[in-house]
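Below, each chain spelled out in residue letters.
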Amino acid sequence: MRRKWGQALRIGVSRSAVAVLRSSRWSGDKLSRLAEQEVLATGDVYTAIGQAIDTLLRSAACAGHAGWPVSFVLDDDLLRLWQVALPTGATRPQDLAAAAAMRFQVLYGESTAAWSINTGWAAGAPFFGAMPRALLFQLERAAAAHKLHIVAIVPHFAAAWNRWQAALAKGAWYGLLHDGVLTVAAVEAGVLRALRPLPVPAGAGHDWLNQTLRREALLLDLAAPSKLMLSGQAPLSWSKPSATSGDLPLVLLEPAMAGVDWPASARLARAGSAA
């Protein structure tokens, strides 16, 4: 199909499924869900992801997009996100890369040879991300095979954080809820201090949320948040007052998605979009 100005594709990628959305800045639907494809759990997971993307892009729903720009949003489960204390006065990319690689080796007990570390360096950056080179190869191969131009490959959390960090109220923490995991960004004085992926137990209510956030604040030696500003689809029980006093207010950043029944892979693709 003929691409209009401002149109692009967004592909959400997880271990279990991939999904394609079409975005538009200026006309028609801002975000259209095109199709999803299951990742067949046989053999190497990255090869299986590449095959699923191929199948998806060959489908009738995704035909006619050769030459389009594409952004990949990756489930954080496929990546490694970590923090590092940067050397004092470090500003050169080489210094930042060395510090990130050393911290990676300490945390994961392996070299970075099989991993591609985020190269969007900035002095004072609070966290870094690495993706398997085997996965990067599959994304680049699939994009080239279908004549798509990659404009971004971004972790789910980074896409959502970049979208919402400017909207955070003073004293608030940020949360991203996706597929049963609450990724909490502990923020102090406007700076991201820690990143915590927290599995959400079945049936967890506001009591669990209160206790969990207060415990994390104690562990991190930070003040408890004034509120949690959340993107993703929150359980209905989180909006109900708990049985204990001192509830932490919950602010839903994406209330329009509350009644939208999209699969997890499509919600991945949507992350970071202003639509």
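Everything discussed here concerns the structure shown above.
Residues numbered from 1 in each chain as written. Predicted model: local features only at pLDDT ≥ 70, side-chain atom pairs only at ≥ 80, totals over all residues. Heavy atoms only, no water.

**Brief notes about the nonpolar core**
Here is step 1: By size, the foremost hydrophobic cluster in this structure holds 34 residues, and its most contacted members are F157, W161, W173, Y174, L182 and W238.
Here is step 2: Among the elements of the structure, α4 (156-164), β9 (173-178), β10 (181-188), β11 (191-199), α5 (206-220) and β12 (228-232) are those that each provide at least two residues to this core.
Here is step 3: Ignoring sequence-local partners within four residues, the contact set of F157 consists of D76, L81, F127, Y174, L176, T183, A185, L192 and L195.
Here is step 4: Of all hydrophobic cores here, the second largest spans 29 residues; its members include V20, L34, C62 and M131. (Core = buried A, V, L, I, M, F, W, Y, C linked by side-chain atoms within 4.5 Å. Buried < 20%, exposed > 50% of the residue type's maximum accessible area, 1.4 Å probe, protein only. Helix = DSSP H or I, 4+ residues; strand = E, 2+ residues; numbered from the N terminus. Contact = heavy atoms within 4.5 Å.)

**Description of the sheet that holds β12**
Here is step 1: The strand order across the open sheet formed by five strands is β11-β10-β9-β12-β13, and the pairing between neighbours is mixed. Since the sheet does not close on itself, it has two edges, and those belong to β11 and β13 (250-252), each with one partner. If you compare each strand with its neighbour and ignore which way they point, the axes differ by 25° on average.
Here is step 2: Where β12 and β13 come together, three bridges link them in parallel fashion. Of the residues in β13, the one forming a bridge with L228 is L250.
Here is step 3: Set on the sheet, α4 makes contact with β9, β10, β11 and β12; between it and β9 the angle comes to about 135°.
Here is step 4: Of the strands in this sheet, β9, β10, β11, β12 and β13 touch α5, which is tilted by about 130° from β11. (Pairing = 2+ DSSP bridges. Axes fitted to C-alpha atoms, helices over the stretch in contact; angles between N-to-C directions.)

**Section: the packing of helix α1 (residues 45-58) against helix α3 (residues 133-145)**
Here is step 1: Between α1 and α3, the shortest axis-to-axis distance is 9 Å and the interhelical angle comes to 15°. Between α1 and α3, the interaxial angle falls into the category roughly parallel. Remark: the crossing between α1 and α3 carries right-handed chirality. Residues Y46, T47, I49, G50, Q51, I53 and D54 of α1 pack against A134, L135, Q138, L139, R141 and A142 of α3.
Here is step 2: Its residues assigned to classes, the contact of α1 with α3 comprises seven nonpolar, four polar and two charged. (Parallel < 35°, antiparallel > 145°, perpendicular 65-115°, else oblique. Left-handed = near helix turned anticlockwise from the far one by under 90°. Nonpolar A, V, L, I, M, F, W, Y, C, P; charged D, E, K, R; others polar.)

**Describing the environment of H149**
Here is step 1: With respect to the helices, strands and loops of the structure, H149 is situated in strand β8 (residues 149-155).
Here is step 2: Measuring from C-alpha to C-alpha, the distance between H149 and A8 comes to 9.7 Å, with 141 residues separating the pair along the chain.
Here is step 3: Filtering out sequence-adjacent residues up to four positions away, H149 remains in contact with G67, W68, P69 and V70.

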